[in-house]
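Summary of structural features
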Amino acid sequence: MLQSELEKKMTTQAHQTAYVQRCRFAREGATTYLGHLDLMTVFERAARRAELPILYSQGYNPRPMMVFALPLGVGIESTCDYLDISLECPYDAGDFAKEMNAALPEGLRILSAKSIPEPKDSIMSLVTTASYRFEAKGIRPALLKAMEKDALIVTKMAKGKAKDTDIRPLLLAVKSEQDEDADVVEIITLAGSANNARPDLILQSLKQYCGLDAEIAENARVVRTGLYAGNYPDTTPIEDCPVRSWSDS
Amino acid sequence: MRQNPLPLSRADLMKVESPARYVGGEVNAVVKEEMLEELEKTGRTSFLRFAFCFPDIYEIGMSNLALQILYHVMNEDPHIACERAFSPWLDMDALMREKNVKLYSLETKTPLDQFDVLGFTLGYEMCYTNVLQMLDLSGIPFYSKNRGENDPIICCGGPVAYNIEPMADFFDIVMMGEGEEMILEFCEKVREYKLSKETDHPMTRAELLRACDEIEGIYVPSLYECSYNHEIGAHLRPKYEDVKTMIKKRIIKDLDKVTYPTDPVVSNMRVVHDRTYLEVFRGCIRGCRFCQAGFVYRPVREKSVDVLCEQGRQLEKNTGYDEMGLLSLSTSDYTKFPELAENLLETFEGHHTSLSLPSLRLDSFSLDLMEKVQSTRKSGLTFAPEAGTQRLRDVINKNIREEDIFSSLRLAFQGGWSTVKLYFMLGLPTETDEDVIAIADLASRIEKLYFDVGRETGQRMRRLDITVSTSLFIPKPFTPFQWEKQDSKEELIRKQKLLKDHIRSRNIHYAWHDFDSSVWEVVLARGDRRLAPVLLEGYQKGLFYDAWDDHFKFNQWLEVLTSHGLSVDDFARAFSEEETLPWDHVSVGVTKKFLLSERHHAYKEETTASCRENCAGCGVACFGVGECFANRDAMAKEGGES
Ligand code: SF4
């Protein structure tokens, strides 16, 4: 058994119940430049400053029980992300959000929290789909062009090795807007641990195949706008997903 | 909060490693809104704008206590706005030059050349060239003499500032000693100067510097003339009659009363020492003869347990860190150490906060304590005998006896510890091959003890891991060894090899320190004003980040040094007791006479008792506080009662 699984098992054995706050949060400003691990630490420290009754894992190196729905890459803002924070006792969700927000650094905000029973399915496993908004000169026509291609082969770095991969199958749809602003576009993509569309790779493909200027692509503002469960187009925002608890059979 | 926009684009930030270093936005960072309002309305401000500069990367600077203390002290003042700036890493350095972006403060993204003061904290000599980098990236002239009325005042402080001579020509102001009070007195003078510019009688920069010379602890390098001569050494003469001839360091008398930052800035990204610090006392009772800190921080002044516990509680709450380090030179010498440690552990009970303890003098109490403290388990036991034989330990006055090491280790091994780290120095004065070989011998006797304990107790023993680390002796100013030579590189390499050849067990690992940087450190530590052009030329040839082994280019430095008619030996040689040392115009309270007598005791292999056992009369009692009087008071009291 992996150390993490072992710790999780020990935790659930020691505490019959964890009282989970499912949080929807946003990030912008300076905190946009934090990597995923740093972001976790920031939430942990905020919860500690707020003196909230965070539940820790058991074992040799206790960690706060916090699960993010999907890591947020460096440089990506968000208006709608999720994390589950486990507490030792029931807590009013409104108070929880308020107290966390008073302790979080500027740029990070909990938009809403919801008390849920300890979920049987990890919040990570729910995520199938994400939406992103790109803002850059001429990005809408470029992305629409990309959607017409059969394949979009880009090179991604994984474990220090360059690997070619086709990201076209990960792109589901471009949201249509009334004003059709050429410089803003929102896209729905596959997301989650199995098939995940990385916004930087999308921009790379626009640069490579759709004539988007390199500098414009690099300076594009990227905002994650939603995370969903279910199969596209029948998707549900994560906060609306029913929670299967351990007591459900 | 209101601030200037970041001068770098998203694409720029995405190109560099760890962009979070360059964006600020941390919890507890201070932005003075009132100042921004003033600036917005009138384009100027009556606030004194102070940029606290750390000449190394963000992650290292954010772990620096001096930065956190002085940042806090200044921002508490209603007339000062202190912001932070760090050395940009090489990738960002190149980018800023390419895009013509000036180095800016993290709080309001203001270019540093728009500040009234840039203050550098200097913790180690190898960061000197990064000071030059930061000035360069700010577009500020390097030499003090080339700066004019519109340039910021450039000042510094910190432990290596006691011999600032190699960098003296670059600074307008140097602060000697503890800064909490001095920096405010200094800021007040600069603010007067700043405000006077709006009046009919503006003060000049030269007048400001003269006025600063009146502040105790402040050294204004440009007010002195300097000459060198092989017989008499460095000679520093005041240019004017009323300039002080001796600069005496400042200390804080009562640490319980001085402001301590219980709400330090908490980095968003993870940094080198990701923990909060509680400073327990200043000074050290021990007097190891090689240790600069042990002399320059005297006298010992402790905080009370009550104050410490309250500060510890607040620090934990205000930062959210899950680890707290106790910071002092030899922390377990704190008179009420058990009480403090237990109190803090109680405060943290159930919070998943760990206390990180410094190397302790192990006895059954501390072993029990260490059991409770998770972080020590991970890192193992640490001892710093510094020398292999008792003879050499007596020479350096390192008060640690082999019996004590062995009895502590016996207890620890019985308790299940299996990782031991041993720290030594090579190249100490009077060292012989016998002393070097004794290091290997000590390690193998510890190995034997481990297996003996296993046999005696019958417990199952884990794999033993002993690490022997050696660093190189560096003769530092303000120590009894300030006159000593440094061994030549060849000699040091020979000794290192000798030691390596004598370590044969696979349970014992040998780790050593890079030679070249230790040699350069001596040059900088004992250097004088002749080095300023050397440092500047080296920097301009691309030599900086010298504190980073990968970026330190010794051979290139040697070339620059030689081209200026200097050699390593000018600074690594034995200084004569008669010559004037480059730092003789500074007083840390400890007298030169005392240092000299300690040197002679060393040669006679005579130890000196700790301040707590017996005051050796080092001279620091002139400050009138601290440990120096604790004993006398106690003795007087006893005498009075009997
Ligand atoms: S005056 Fe005496 S007690 Fe005080 S620091 Fe010096 S040696 Fe120690």
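What comes next is a walk through the structure. Only a predicted model underlies this, so the values are computations on that prediction, with no experimental measurement involved.

**Observations concerning the pairing of strand E3 (residues 117–121) of chain B**
Residue and element names in this part refer to chain B. With five of its five residues buried, E3 lies for the most part within the structure. Side-chain alternation along E3 places Val-117, Gly-119 and Thr-121 on one buried face and Leu-118 and Phe-120 on a second face that is also buried. The pairing of strand E1 (residues 48–54) with E3 spans four bridges and is parallel. Opposite Phe-52, over in E3, you have Gly-119 as the bridge partner. Across five bridges, E3 lies against strand E4 (residues 153–157) in parallel orientation. The residue bridging Gly-119 from the neighbouring strand is Cys-155, located in E4. As for the winding sense of the linkage, the β-α-β connection from E3 through helix H6 (residues 128–138) to E4 is right-handed.

**A short note on the sheet that holds strand E17 (residues 465–472) of chain B**
All names here are of chain B. The sheet built from four strands is open, its strands ordered E15-E16-E17-E18 with parallel pairing. Among the strands making up the open sheet, the edge pair consists of strand E15 (381–386) and strand E18 (508–512). Between one strand axis and the next, the sheet turns by 20° as a mean value, whatever way the strands run. Across the sheet, helix H15 (residues 402–414) lies against E15 and strand E16 (419–426), angled at about 170° from E15, the strand it touches most. Across the sheet, helix H17 (residues 489–502) touches E16, E17 and E18, and the angle it forms with E18 is around 170°.

**Some words on the interface of chain A and chain B**
The interface is formed by 28 residues belonging to chain A together with 32 residues belonging to chain B. Across the chain A to chain B interface the summed buried area is about 2600 Å²; carbon plus sulfur atoms make up 49%. Our count for the contact surface shared by chain A and chain B stands at six salt bridges. Between Arg63(A) and Asp322(B) there is a salt bridge, and its shortest N-O distance comes to 3.6 Å. Counting every contact that joins chain A to chain B gives 16 residue pairs in polar contact (both at pLDDT 80 or more).

**Brief notes about the side chain of Gln68(B)**
All names here are of chain B. Topologically, Gln-68 is positioned in helix H4 (residues 65–76). For Gln-68, a relative accessible area of 8% corresponds to the buried category. A distance of 2.9 Å separates the side chain of Gln-68 from the backbone nitrogen of Val-265, its partner in a polar contact.

**A look at the packing of aromatic side chains**
Residues and elements named next belong to chain B. For the coordinates displayed, the defined rule picks out 25 aromatic pairs over all chains. Considering the side-chain rings of Phe-413 and Tyr-450, the 4.8 Å spacing of their centres and the 90° angle between planes classify their relative orientation as edge-to-face. Here Tyr-450 lies in helix H16 (residues 433–457) and Phe-413 lies in helix H15, a separation of 37 residues in the sequence. Residue classification places Phe-413 among the buried residues on the basis of a relative accessible area of 1%. For Tyr-450, a relative accessible area of 1% translates into the label buried. Centroid distance Trp-520 to Trp-557: 5.0 Å. Interplanar angle 25°. Geometry classified as stacked. Taken together, the residues Trp-520 in helix H18 (residues 515–525) and Trp-557 in helix H20 (residues 554–563) connect sequence positions 37 residues apart. Considered together, Trp-520 and Trp-557 belong to a single accessibility category, that of buried residues. One aromatic cluster in this structure is built from Trp-89, Phe-142, Tyr-539, Phe-544, Tyr-545 and Trp-548. Taking the ring centre of Phe-115 as reference, the NZ or CZ of Arg-49 above it sits at 4.8 Å.

**Quick notes on the pattern of salt bridges**
Side-chain pairing between opposite charges can occur once the charged atoms of the two side chains come close. Residues and elements named next belong to chain B. Under the counting rule described, the total for this entry stands at 71 salt bridges over all chains. Note that Arg-250 and Glu-185 form a salt bridge whose closest N and O atoms lie 2.8 Å from each other. In this pair, Arg-250 sits in the loop between strand E9 (247–248) and strand E10 (276–279) while Glu-185 sits in helix H7 (residues 182–196), placing the two residues 65 residues apart along the sequence. When its relative accessible area of 11% is taken as the criterion, Arg-250 is described as buried.

Scoring rules and cut-offs
Residues numbered from 1 in each chain as written. Chains lettered and ligands numbered in written order. Predicted model: local features only at pLDDT ≥ 70, side-chain atom pairs only at ≥ 80, totals over all residues. Heavy atoms only, no water. Buried < 20%, exposed > 50% of the residue type's maximum accessible area, 1.4 Å probe, protein only. Helix = DSSP H or I, 4+ residues; strand = E, 2+ residues; numbered from the N terminus. Pairing = 2+ DSSP bridges. Right-handed = clockwise from strand over helix to strand, strands pointing away. Axes fitted to C-alpha atoms, helices over the stretch in contact; angles between N-to-C directions. Contact = heavy atoms within 4.5 Å. Buried area = accessible area lost by both parts, 1.4 Å probe. Salt bridge = Lys/Arg side-chain N within 4 Å of Asp/Glu carboxyl O. Polar contact = N/O pair within 3.5 Å; in protein donor to acceptor, adjacent residues only side chain to side chain. Phe/Tyr/Trp six-rings, centres within 6.5 Å; stacked < 30°, edge-to-face > 60°. Lys NZ or Arg CZ within 6 Å of the ring centre and 35° of its normal.

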